[in-house]
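Chain residues, written in single-letter form:
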Protein chains: 2
Amino acid sequence: LRRAAAAVRAAGWELWTFSRKDPRKPVYAAKVATALALITLLVFLREPSDIVSHSVWAILTVVVVFEFSIGATLSKGLNRGLGTLTAGGLALAVAESARHMGDLDIVFLIIITFAVGFGTTLIKVHPKMKPYEYGLRVFLLTFCYVTVAGYNTGEFVGGTAVSRFLLIVIGAAVSLAVNIGIYPIWAGEDLHHLVAKNFGGVAKSLEGCVNGYLTCMEYERIPSKILTYQASDDPVYSGYRAVVEAQTQEETLLGFAIWEPPHGPYKMMKYPWESYTKVGGALRHCSFAVMALHGCILSEIQSTPENRKVFSAELHRVGEEAAKVLRELGHRVKTMTRLSSPNILAEVLHAAEELQTKIDQRSYLLVNTERWGEDTAASTTTPAGAGASSENEAPEHAVVINVPTLHKLESNATPARAAGVGLPPLHKSESNTTLARAASVIIPPLHKSESSTALARAAGVSIPPVHKSDSNTTLARFDSVPMSLADGLALKSQGSWHHRMPLFEAAEARAYESASALSLGTFASLLIEFVARLGNLVNAVEELSDKAGFKDPVEEPSAA
Amino acid sequence: LRRAAAAVRAAGWELWTFSRKDPRKPVYAAKVATALALITLLVFLREPSDIVSHSVWAILTVVVVFEFSIGATLSKGLNRGLGTLTAGGLALAVAESARHMGDLDIVFLIIITFAVGFGTTLIKVHPKMKPYEYGLRVFLLTFCYVTVAGYNTGEFVGGTAVSRFLLIVIGAAVSLAVNIGIYPIWAGEDLHHLVAKNFGGVAKSLEGCVNGYLTCMEYERIPSKILTYQASDDPVYSGYRAVVEAQTQEETLLGFAIWEPPHGPYKMMKYPWESYTKVGGALRHCSFAVMALHGCILSEIQSTPENRKVFSAELHRVGEEAAKVLRELGHRVKTMTRLSSPNILAEVLHAAEELQTKIDQRSYLLVNTERWGEDTAASTTTPAGAGASSENEAPEHAVVINVPTLHKLESNATPARAAGVGLPPLHKSESNTTLARAASVIIPPLHKSESSTALARAAGVSIPPVHKSDSNTTLARFDSVPMSLADGLALKSQGSWHHRMPLFEAAEARAYESASALSLGTFASLLIEFVARLGNLVNAVEELSDKAGFKDPVEEPSAA
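Residues numbered from 1 in each chain as written. Chains lettered and ligands numbered in written order. Predicted model: local features only at pLDDT ≥ 70, side-chain atom pairs only at ≥ 80, totals over all residues. Heavy atoms only, no water.

A.B. asks: Which parts of the structure should I look at to understand the overall build of chain A?
C.D. replies: Counting its regular elements, chain A contains 19 helices and 0 strands. By residue count, 58% of the 560 residues in chain A fall in the buried class. Surface accessibility of chain A: about 22700 Å² in total, with carbon and sulfur atoms responsible for 63%. (Helix = DSSP H or I, 4+ residues; strand = E, 2+ residues; numbered from the N terminus. Buried < 20%, exposed > 50% of the residue type's maximum accessible area, 1.4 Å probe, protein only. Areas by Shrake-Rupley, 256 points an atom, 1.4 Å probe, with all protein chains shown as cover.)

Laid out in structure tokens, this is it:
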């Protein structure tokens, strides 16, 4: 008993916090309760003759028709009214004709019932009939009831039908009056705020992605909820997921909003609610790009923190500017003001351009240049060896050029992930000279390089591949390593490495080294793609502000 | 009138084709009709005394409870039954106590109605109560009705209530009997087939993306439906979109499937339907990667066809193998057989590895190497100039190295797109020597290179950057161009270009050249990311086959 009391108290608390979070919910509940109390009062006030036996219709109408938003209430009420009227008329005609049929009447009625039931249900399940589903349901119900009762009692043409219909109308009228009269909740307003709010979610996710990427945020173990696309607490993830999920909600709200009369700031016949969902869709298109950015963080192949640092300022600025644009757009949509100038994208495009330039200047950081020496050697013997149209592989006569590619693997996080993919867990290479990597390892994570090896790699990568590598020895390439970068230890360990390194592993490790370097480029180009999609979003917002007649901004007079 | 007849005929035709496409829909309609006809028959067969006046309850129950799938019917029926019973009991108690209250009875009843209405509605709108929404609605309806009618007539404890409840039970029983007895439609089976079918959709999208990318598929003008994420006919797009959209459906079906008793191939108490939705989620996670791949095709920055050709075989093979794995997994899920060996990923991982190796070998194609000469020159003077930790920009003393970067822009498609982003449309450069590019152009699409310039670029890029570029003149780099690749014209036009090229444009164009080259790398690493996500999907499928007790494959005896 005490446990039950505790459960009730917990449920009450839950309801209380839930009501505090969105006060419109208890308001809605109070409105429904008011409408019901009014109907009950009406039933009691009138003579309890005809009304009481049919009072179920008024109550049923209130319970069924009273929806959260006004658009939904109107749409359901209309559906219900039309369904009842048409079905009633048809059913009365059928019942009357059956009464003049003699012995076959019941067979006739049953056949008619079957036919109408079949047709109505088939129409109901058609996808295009979704908004009218409820009306068709009411139609079927009313038709069957009136047919049966009308045939049996024969008095349906008279007062009963009228009083019943009257009660339905009373129920609907009370519902509508209470719903619109007291604290109206408009579906259109909801749609407007939902779309505007989502801008902030994408902006937060985007900033989270860029900052997470730059601070080398990593998931110890990626939550399986993300991997199976379920709701999760991760802020970066939930931001864009909410936007993707909002689609169903937006479509539902749109379905209701088009039923609503002009009201509040939406004073216009045929208000362009579709444009709001279009803006929502364009925002979704952007959020998929954020999703791809997040995928770079989730990915197993990661670039080195050092490389990220090189592009840090540019990446950060693009992310920041893009988030600023998103917030600005969201603010404009929320306050229903036009964009003050067409140049809202100028800053972010400039930032993207700077990132592009930086990529161009430092593109050697995005690829693994170590292999190139080989290809050169190959292409000097076979002139078209490296050309676009040649398909012959460069012969592998130059094998071990440089092997600063094996990094100390963290035993806790990475093997767990690797195991999660069904691969044999990697051996933890205890020291830099232990090369106990299973040959069957397929996608070894290459990030998590400790400082010494990282420097070694930085040194290895920072060699611009312009030295005439006629000789294929490794040390020839190291001649020009800027010694200020590579500390002695790293070089020494490199020197000792490449004697022990089996050929196969070297090639494989280098391939992933290449992928690791490239992943930074991927992140950058996805970010640029996001900026490109912003343009599309700005377009959608502008279309909306044209169609919906957004007001001009007042604070900042545009110099037109 | 003739127009109306044509409209009716068109609607009939639409219904007919719709029925042909999914024969379960007309079967469902026929089942509903049968249940209704049976109820009508029952009403007629019995004495028309008590039954007829309450027959509405049986009909209402059938119309409301008879859902498409058995799980939905059961869940609704149970909700309805429970709601009616508890509300009836509570209402009778309230009505009885009100009858002993004297003058205050109506006030008491109205207050109670308000309180119950408020509480029930508040609970109903709580998100966790979604599955019980219908039950709460019925509870509220029944409570109000029984309270009012019970108070007024005072005879609710007797036969009326019993016969009414009996009619509801009859309605529910007929619904269930018809629904399960004739051609049962199980939500669980639907869920199973939906999840299995989606594998094929992702596979098709993936192949479409990879093949489209390799054949340099391009959108004349990207459909705005894709940009606002609305349904579209594009096969690549609709494939992955269907998978993303399927989420709502899967969740709904899961909600129904858990109500269903063991049946058919799902003979197990507590069948793990959740695992199906998890597989669906993992598949969705994969389809987001396909979405990102498609984003590469939609992107404005595109790599040259020549570069794509270099990686064509590897990309194609990864795409093909990944699609094969997806189809195999889909087949396994569909036929409910275990994976025959854990090595289902072996082929695709091998293919991905080959792609990695190729990227490693040809990584100079993924970056614009033209700028490097400068950096080299810079780094010989400032030793750490190109290093990871250096922040100083390489001085731009070597400006025009090579400018094979401007390609003939197609006037119809690209300016339209550019305009769509709110940028000034690009001037069509009529000939290769016309350099009339507006300096305000921000993200000019760089693909669409005609054959002559393409060759020129291929030649320009195919120079492995190993030549001692101590001199920064362009022609020095062209000394070693394989003449078999570059036709004379292209070289000539290049020679004439770089004299006219303004410095600013050269730098900008080069930055986008860089982005263009990098975009191929982005596509490749996204493809590899997709392969990594496949591992996660295989895991989910294996978990499902464990929990659901899939049978071992029979055709291929595993060598255990």
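A.B. asks: Got a minute to help me understand the pattern of salt bridges in this structure?
C.D. replies: Pairing is possible between side chains of opposite charge, provided their charged atoms come close. Across all of its chains, the model carries 31 salt bridges over all chains by this definition. A salt bridge links aspartate 22 of chain A to arginine 24 of chain A, with the nearest nitrogen and oxygen atoms 3.5 Å apart. Judged by relative accessible area, which is 23%, arginine 24 of chain A ranks as partly exposed. The salt bridge involving arginine 317 of chain B is made with glutamate 354 of chain B; its shortest N-O contact spans 2.9 Å. With arginine 317 of chain B in helix α12 (residues 305-335) and glutamate 354 of chain B in helix α13 (residues 346-361), this pair connects stretches of sequence that are 37 residues apart. If you follow the salt bridges from partner to partner, you end up with Asp22, Arg24, Lys25 and Asp190 of chain A in one network. (Salt bridge = Lys/Arg side-chain N within 4 Å of Asp/Glu carboxyl O.)

A.B. asks: It is not clear to me how the packing of aromatic side chains should be interpreted in this structure. Could you clarify?
C.D. replies: The geometry of two aromatic rings is summed up by the distance between their centres and the angle between their planes. Counting across every chain of the model gives 21 aromatic pairs over all chains. Relative to phenylalanine 143 of chain B, the ring of phenylalanine 139 of chain B has its centre 6.4 Å away and its plane inclined at 15 degrees; by these criteria the two rings are stacked. Of this pair, phenylalanine 139 of chain B and phenylalanine 143 of chain B both sit in helix α6 (residues 133-153), 4 residues apart, roughly one helical turn. One exposure class covers both phenylalanine 139 of chain B and phenylalanine 143 of chain B, and it is buried. Considering the side-chain rings of tyrosine 271 of chain B and tryptophan 273 of chain B, the 4.6 Å spacing of their centres and the 55 degrees angle between planes classify their relative orientation as tilted. Owing to a relative accessible area of 7%, tyrosine 271 of chain B belongs among the buried residues under this scheme. Among the aromatic side chains, those forming a connected cluster through ring pairs are Tyr266, Tyr271, Trp273 and Tyr276 of chain A. Over the ring of phenylalanine 68 of chain A we find lysine 25 of chain A, and its NZ or CZ is 5.9 Å from the ring centre. (Phe/Tyr/Trp six-rings, centres within 6.5 Å; stacked < 30°, edge-to-face > 60°. Lys NZ or Arg CZ within 6 Å of the ring centre and 35° of its normal.)

A.B. asks: What is the right way to look at the confidence of the model for chain A in this model?
C.D. replies: Detailed reading of the predicted coordinates is not advisable wherever pLDDT is low. Residues and elements named next belong to chain A. Summarising the model, chain A shows a mean pLDDT of 70, and 67% of its residues fall at 70 or more. The secondary structure element of chain A with the lowest average pLDDT is helix α17 (residues 474-478), at 30, and the one with the highest is helix α8 (residues 187-214), at 89. Contacts of residues 372-504 to residues separated by more than four positions or lying in other chains number 236 contacts, the stretch itself having pLDDT below 50. Scoring of the predicted complex yields 0.72 for pTM and 0.70 for ipTM. (pLDDT = per-residue confidence, 0-100. Contact = heavy atoms within 4.5 Å.)

A.B. asks: Honestly, a nonpolar patch on the surface in this entry has me stumped. Any pointers?
C.D. replies: All names here are of chain A. A contiguous nonpolar surface patch, about 390 Å² in accessible area, is contributed by Leu78, Tyr132, Ile258 and Trp259. Residue position: tyrosine 132 is located in the loop between α5 (105-124) and α6 (133-153). Assessed through its relative accessible area of 42%, tyrosine 132 is described here as partly exposed. (Patch = residues over 30% accessible without salt bridge, like charges linked within 9 Å, V, L, I, M, F, W, Y side chains within 5 Å.)

A.B. asks: When you look at the packing of helix α8 (residues 187-214) of chain B against helix α11 (residues 273-298) of chain B in this model, what are you seeing that I'm missing?
C.D. replies: Packed helices, taken two at a time, are described by the angle their axes make and the gap between the axes. All names here are of chain B. Across the interface, α8 lies against α11 with an axial gap of 10 Å and an inter-helix angle of 15 degrees. One finds that α8 runs roughly parallel with respect to α11. Here the hand of the crossing between α8 and α11 comes out left-handed. When its residues are assigned to classes, the contact of α8 with α11 shows 15 nonpolar, 9 polar and 1 charged. (Axes fitted to C-alpha atoms, helices over the stretch in contact; angles between N-to-C directions. Parallel < 35°, antiparallel > 145°, perpendicular 65-115°, else oblique. Left-handed = near helix turned anticlockwise from the far one by under 90°. Nonpolar A, V, L, I, M, F, W, Y, C, P; charged D, E, K, R; others polar.)

A.B. asks: Please explain the side chain of histidine 294 of chain B as it appears in this structure.
C.D. replies: Considering the arrangement of structural elements, one finds histidine 294 of chain B in helix α11. Each residue touching histidine 294 of chain B, except ones within four places of it in the same chain, is listed here: Cys209, Tyr219, Ile226, Asp234, Val236, Tyr237 and Tyr240 of chain B.

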